[in-house]
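The lines below spell out each chain.
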Amino acid sequence: MKILVTGGLGFIGSHTVVELQNEGFEVVIIDNLSNSTEDVLKGIVAITGKTPIFEKLDLRDKAAVQDFFKKYTDISDVIHFAASKAVGESVANPLLYYENNISTLIYLLQELQQKEESHFIFSSSCTVYGQADEMPINESASIKPAMSPYGNTKQIGEEIITDVTKVSGITAVLLRYFNPIGAHPSIEIGELPIGVPQNLVPFITQTGMGLRKELSVYGADYPTIDGTCVRDYIHVVDLAKAHVIALQRLVNNNNLDKIETFNLGTGTGSSVLEVIEAFEKVSGQKLPYTIVGRREGDVVSAYANTDKANTILGWKTKSTLEEGIASAWEWEQKSRG
Ligand code: WQD
């Protein structure tokens, strides 16, 4: 059974390809290499010994998407990661995000809806909740107006998929990630931010390597344990394994509804200062940082209620925050070494 993984050379995509191959799935990757390189393919093969089929393709090219499905007539299961994901960039360039995150989704779904039966797993995000009213956040929490075009594309994406499942043979799972961090224990694959990292952990590890002078902590006057924002940092391998379980659920027709939604997090919140402390512990070095003003669009706190994923998917995270950070630090040292 061939599984299409779009964005399969990206951070979460590549870790999911490894776990799919470990479970015996044959993987076809589509990636336009806008945020990755073919070296990631070598990393995947180094881990599993299996070479996925790789098609370099930009999903914004509708004809190319159509040709792909003419070539691979036996693909009816898709895990869709390919999207732009930088909050700040989306504010500066909204049309890039609406084109890249929405039109590509539409082209994929147009192909799948022509099939008798198909399965679709969507890479969504806790960002759809905005600042949720209560912690931990469960899947029935209200969807607040998006705080960025990036977040809006995730909300719109979920709505599009919901509507299409009602009138097609497509069955879907929406996976709302909290904050993915870390790298595969083999240190063959990991996060490869291009340019200045927007996210906390890669910025920390690059600062630890001396590539950045210091970390700017965006605000320490929030109503939290120590004034800094709280997030739910989930190890990328735990996250990847959840995708395989969700796919198995779909292909075995164990899903309860045409569309199901799951929060994927650890269920524990960690503040920015706690993440810094964890880094200093695993690296044995002090991290230079300065408290600066708040970052536009940040929510105060976001961590997952994981009951639904734990009970229905039978999935639970295994790695601790420190293990996630330690793997990110090892990866940073190896990939810059
Ligand atoms: C975490 C905390 C910052 C950098 C976003 C998207 C989410 C997902 C992950 C794609 C915040 C603070 C950060 C820095 C800092 N996107 N921070 N200094 O914003 O929670 O989530 O990225 O998969 O959908 O919304 O993640 O890592 O940017 O920030 O103080 O240099 O770290 O203020 O409190 P975020 P983040």
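In this text, all values refer to a predicted model and were calculated from it rather than measured experimentally.

A. Main features of the packing of aromatic side chains. On inspection of all chains with the given rule, the structure shows three aromatic pairs. Between Phe 68 and Tyr 72 the ring centres are 4.6 Å apart and the planes differ by 35 degrees, which places this aromatic pair in the tilted class. When its relative accessible area of 4% is taken as the criterion, Phe 68 is described as buried. Here a set of aromatic residues connected by ring pairs shows up, and it is made of Phe 68, Phe 69 and Tyr 72. Here the basic side chain of Arg 294 rests over the ring of Tyr 222, its NZ or CZ set 4.0 Å away from the ring centre. Positioned over the ring face of Phe 262 is Lys 308, at 5.1 Å from the centre of the ring.

B. Spotlight on the UniProt feature "domain: NAD(P)-binding" (unreviewed entry) in the protein chain. Per the UniProt annotation, the sites labelled "domain: NAD(P)-binding" (unreviewed entry) are residues 4–326. Strand forms 18% of residues 4–326 and helix 39%; the C-alpha atoms that close the span are 31 Å apart.

C. View of the site of the ligand. Around the ligand, a shell composed of 19 residues is seen, among which Ser 125, Leu 200, Ser 216, Arg 231 and Asp 298 lie nearest. Between the ligand and Arg 295 there is a distance of 2.9 Å, counted from an oxygen atom to a side-chain nitrogen or oxygen. Taking Asp 298, its side chain carries an N or O atom lying 2.6 Å from an oxygen atom of the ligand. Relative to its free-state accessible area of 690 Å², the ligand is covered by the protein chains to the extent of 92%. For the shell around the ligand, the element with the most residues is strand β8 (residues 215–218), which contributes four residues. Considering only residue class, the shell around the ligand consists of nine nonpolar, six polar and four charged.

D. Summary view of helix α3 (residues 62–71). Along α3, the positions that sit buried rather than exposed are Val 65, Phe 68 and Phe 69. One face of α3 carries all of its buried residues, which in axial projection span an arc of 90 degrees. Exposed positions of α3 whose direction lies more than 90 degrees from the buried face are Lys 70 and Lys 71. In this structure, the buried side of α3 is in contact with β1 (2–6), β2 (26–31), β3 (53–56) and α5 (94–112). Two or three places before Ala 63, at the start of α3, stands the capping residue Asp 61, its side-chain oxygen 3.2 Å from that residue's backbone nitrogen.

E. Highlighting empty space enclosed by the protein. One pass over the full model with this rule turns up two cavities of 30 Å³ or more. Residue lining of the largest cavity: Gly 182, Glu 191, Pro 193, Val 201, Pro 202, Thr 205, Ala 328, Trp 331 and Glu 332, and that is the complete set. Elements with a contribution of two residues or more to the lining of the largest cavity: α7 (200–208) and α11 (321–336). By residue class, the composition of the lining of the largest cavity is five nonpolar, two polar and two charged. Counting residues per element, the ones that place at least two in the lining of the second largest cavity are β5 (118–125) and α6 (149–166).

Calculation rules
Residues numbered from 1 in each chain as written. Predicted model: local features only at pLDDT ≥ 70, side-chain atom pairs only at ≥ 80, totals over all residues. Heavy atoms only, no water. Phe/Tyr/Trp six-rings, centres within 6.5 Å; stacked < 30°, edge-to-face > 60°. Buried < 20%, exposed > 50% of the residue type's maximum accessible area, 1.4 Å probe, protein only. Lys NZ or Arg CZ within 6 Å of the ring centre and 35° of its normal. UniProt positions renumbered as here; feature names shortened; annotations may be inferred. Helix = DSSP H or I, 4+ residues; strand = E, 2+ residues; numbered from the N terminus. Near = heavy atom within 4 Å. Polar contact = N/O pair within 3.5 Å; in protein donor to acceptor, adjacent residues only side chain to side chain. Areas by Shrake-Rupley, 256 points an atom, 1.4 Å probe, with all protein chains shown as cover. Nonpolar A, V, L, I, M, F, W, Y, C, P; charged D, E, K, R; others polar. Arc of directions from axis to C-beta. Contact = heavy atoms within 4.5 Å. 1 Å grid on protein atoms, 1.4 Å probe; cavity = no way out; pocket = protein on both sides within 12 Å on 5 of 7 lines; lining within 4 Å. Points joined across faces, edges and corners; volume = space filled by probe spheres on them.

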